[in-house]
Amino acid sequence: MIDPALTVVATTRNDDHGGNQLARTQLFIQGLAEQSARFQLPLELLLVEWNPPADRPPLAEALSWPRSDWFQPSVVVVPADLHRTFQHAEKLPLFQMIAKNVGIRRARAPFVLATNIDILFSDELFGFVNRGLKPGALYRADRLDIVADLNRRPLPSPAECRALPWLRAHREDGPHYADGRQPPWFASARTWLNRTAWNTLHGGPLPALHTWACGDFTLTSRDVWTSLRGYPEWPMFSMFLDSIVLVQAYRAGVEMVNLPAPKVLFHLEHGAGSGWTPEGARSLSERLDAAGIPYLTGSSYDKVAREILRKGPGFHPFNDPDWGMASLVLPSVSPG
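Per chain, residues are indexed from 1 in the order of the written sequence. Thresholds applied to this predicted model are a pLDDT of at least 70 for local features of residues and 80 or more for the giving and counting of side-chain atom pairs; totals over whole chains, interfaces and linings are not thresholded and use all residues. For side-chain calculations, the full set of non-hydrogen atoms in the structure is used, while hydrogens and water are omitted.

**Q** How do you make sense of the packing of aromatic side chains when you look at a structure like this?
**A** The pairing test for Phe, Tyr and Trp rings, Trp by its six-membered ring, is centres within 6.5 Å, and the orientation test on the planes gives stacked under 30 degrees, edge-to-face over 60, and tilted for anything in between. On inspection of all chains with the given rule, the structure shows 9 aromatic pairs. Taking 5.5 Å as the distance between ring centres and 40° as the angle between the ring planes, the aromatic pair formed by F39 and F126 counts as tilted. Linking F39 in the loop between helix 1 (21–38) and strand 2 (43–50) with F126 in helix 5 (residues 123–130), this pair joins segments that are 87 residues apart in sequence. Three exposure classes are used, based on accessible area relative to the maximum for each residue type with a 1.4 Å probe and protein chains only: buried under 20%, partly exposed in between, and exposed over 50%. Residue F126 is classed as buried on the basis of its relative accessible area of 4%. Centre to centre, the rings of W234 and F318 are 5.0 Å apart; their planes meet at 75°, and the pair counts as edge-to-face. Under the DSSP-based scheme used, a helix requires at least four consecutive residues in state H or I and a strand at least two consecutive residues in state E, with every element numbered from the N terminus.

**Q** Help me out: how do you make sense of the sheet that holds strand 13 (residues 332–333) in this one?
**A** Pairing between the strands of a sheet is mediated by backbone hydrogen bonds and can be parallel or antiparallel. With mixed pairing, 8 strands are arranged side by side in an open sheet as 11-6-10-4-1-2-3-13. Edge strands, defined here as strands with exactly one partner in the open sheet, are strand 11 (255–259) and strand 13. Bridge analysis of strand 3 (residues 71–78) against strand 13 gives 2 bridges, and the strand direction is antiparallel. Residue pairing across strands places V76 opposite S332, the latter belonging to strand 13. Here, any two strands with at least 2 DSSP bridges between them count as paired.

**Q** Help me out: how do you make sense of the sheet that holds strand 8 (residues 166–171) in this one?
**A** Spatially, 5 strands are ordered 5-12-7-8-9 in an open sheet, and the strand pairing comes out mixed. This sheet does not close on itself; its edge strands, each paired only once, are strand 5 (119–121) and strand 9 (174–177). Sheet twist, expressed as the mean angle between neighbouring strand axes with direction ignored, is 25°. The pairing of strand 8 with strand 9 spans 4 bridges and is antiparallel. Looking at the pairing, H170 lines up with P175 of strand 9. Sheet contacts for helix 1: strand 5 and strand 12 (265–268); angle to strand 5, the most-contacted strand, approximately 20°. Lines fitted to C-alpha atoms define the axes here, with helix axes fitted over just the stretch in contact, and angles between the N-to-C directions of these axes take values from 0 to 180 degrees. Whether two residues are in contact is decided by their heavy atoms: any pair within 4.5 Å suffices.

**Q** Is there a simple way to think about the packing of helix 9 (residues 241–251) against helix 11 (residues 298–310) in this case?
**A** How two helices pack is summed up by the angle between their axes together with the distance between the axes. At their nearest, the axes of helix 9 and helix 11 sit 9 Å apart, and the two run at 15° to each other. With respect to each other, helix 9 and helix 11 are oriented roughly parallel. Two packed elements cross with a definite hand, and for helix 9 against helix 11 that hand is right-handed. Every residue of helix 11 that contacts helix 9 at S243, I244, V247, Q248, Y250 and R251 is listed here: Y301, V304, A305, I308 and L309. Residue type decides the class: Asp, Glu, Lys and Arg count as charged, Ala, Val, Leu, Ile, Met, Phe, Trp, Tyr, Cys and Pro as nonpolar, and the leftover types, Gly among them, as polar. Grouping the amino acids of the contact of helix 9 with helix 11 by side-chain chemistry returns 8 nonpolar, 2 polar and 1 charged. Roughly parallel means an angle under 35 degrees; roughly antiparallel means over 145; roughly perpendicular covers 65 to 115; every other angle is labelled oblique. The sense of a crossing depends on the near helix, which, turned anticlockwise from the far helix by less than a right angle, makes the crossing left-handed and, turned clockwise, makes it right-handed.

**Q** Got a minute to help me understand the side chain of S36 in this structure?
**A** Here S36 lies in helix 1. A relative accessible area of 0% means that S36 is categorised as buried. Polar contact is the term for a pair of N or O atoms within 3.5 Å; when the atoms are in protein, one must be able to donate a hydrogen and the other to accept it, and sequence-neighboring residues count only if both atoms are side-chain atoms. Here A33 takes part through its backbone oxygen, which lies 2.9 Å from a polar atom of the side chain of S36. Beyond its immediate stretch of four places on either side in the chain, S36 contacts L41, L43, W70, F71 and F126.

**Q** I keep staring at the nonpolar core and nothing clicks. Help me out?
**A** Soluble globular proteins tend to bury their nonpolar side chains together. Buried residues of nine kinds, namely Ala, Val, Leu, Ile, Met, Phe, Trp, Tyr and Cys, make up a nonpolar core once their side-chain atoms join them within 4.5 Å. Of all hydrophobic cores here, the largest spans 48 residues; its most connected members are W50, V78, I104, W225, F237 and M325. Counting residues per element, the ones that place at least two in this core are strand 2, strand 3, helix 4 (96–105), strand 4 (111–114), helix 8 (222–228), helix 9, helix 10 (281–291) and helix 11. The element contributing the most residues to this core is helix 9, with 6 residues. Non-local contacts of W50, meaning those with residues more than four positions away in its chain, are made with T11, T12, R13, V78, H83, F86, P93, L94, F95, I98, A99 and M325. One finds F28, L47, L125 and F128 within the second-largest nonpolar core, a separate group that totals 35 residues.

As structure tokens, then:
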């Protein structure tokens, strides 16, 4: 077996979160397997199955798993009894960033990409990853949202999905729409004035980092992830936790590389309010508030980011040395 050059980490559970979840995950797996073979990039996929529902098949059985010398998938399981030891476990069935840390900590490759199960990668982006990454850099890419017919059988291929027109693009300066309209808050002069006033009162704007949809593509070396100690392991909804890692890396002097189009990723659109979108932001917040699920707001993220920047150069990790449940032996399955 070839040693992997890249480990891809994602997390999910078989609960149909967002709708057509298994279909999205299946396309994600197929896309990685096909591109790794075509580009001859030895790739390890670590899919962290968090808190598996007892009444549904495990992911190793529910999905189809292609295997080759180039594609080496594993499912790492965080059992329900371990999930229940976390605060707010009864309200939030999956702690996304803690789960990703479980995968990152167990990665074998020198470079690790943290992403999600509804993502496909352009050939241009995959080819760039295969040509040699710099160990002292952190890479970001724009995300294009697409609408695929996930009820179709057989499913559309990853290549067919990548060829679909995009609905929304998440770029360094924020969301853009294919039809030229602007996100809801951009139309409000009041929003712009509020942000300007906030920055004036708090020491100026934050560094211009590509934080939009960064949970879908954060790629850096395993050594940088180790120095960061992964994402903050706070038992809350994942919103803004992915952005904090970028601020930490920036403060440590990691080179921040924003890849230009057509080096992009494609996001398979799913149920409104199940993840963040400009249109669904309010419904997502209302759902979390109604359920009593904690999360970072924009202003609370801003305060955490400024605290990191005030500490001076360095990684300033939030987690202890056992981050990613390093001391635990977790069940692992090599499916396929």
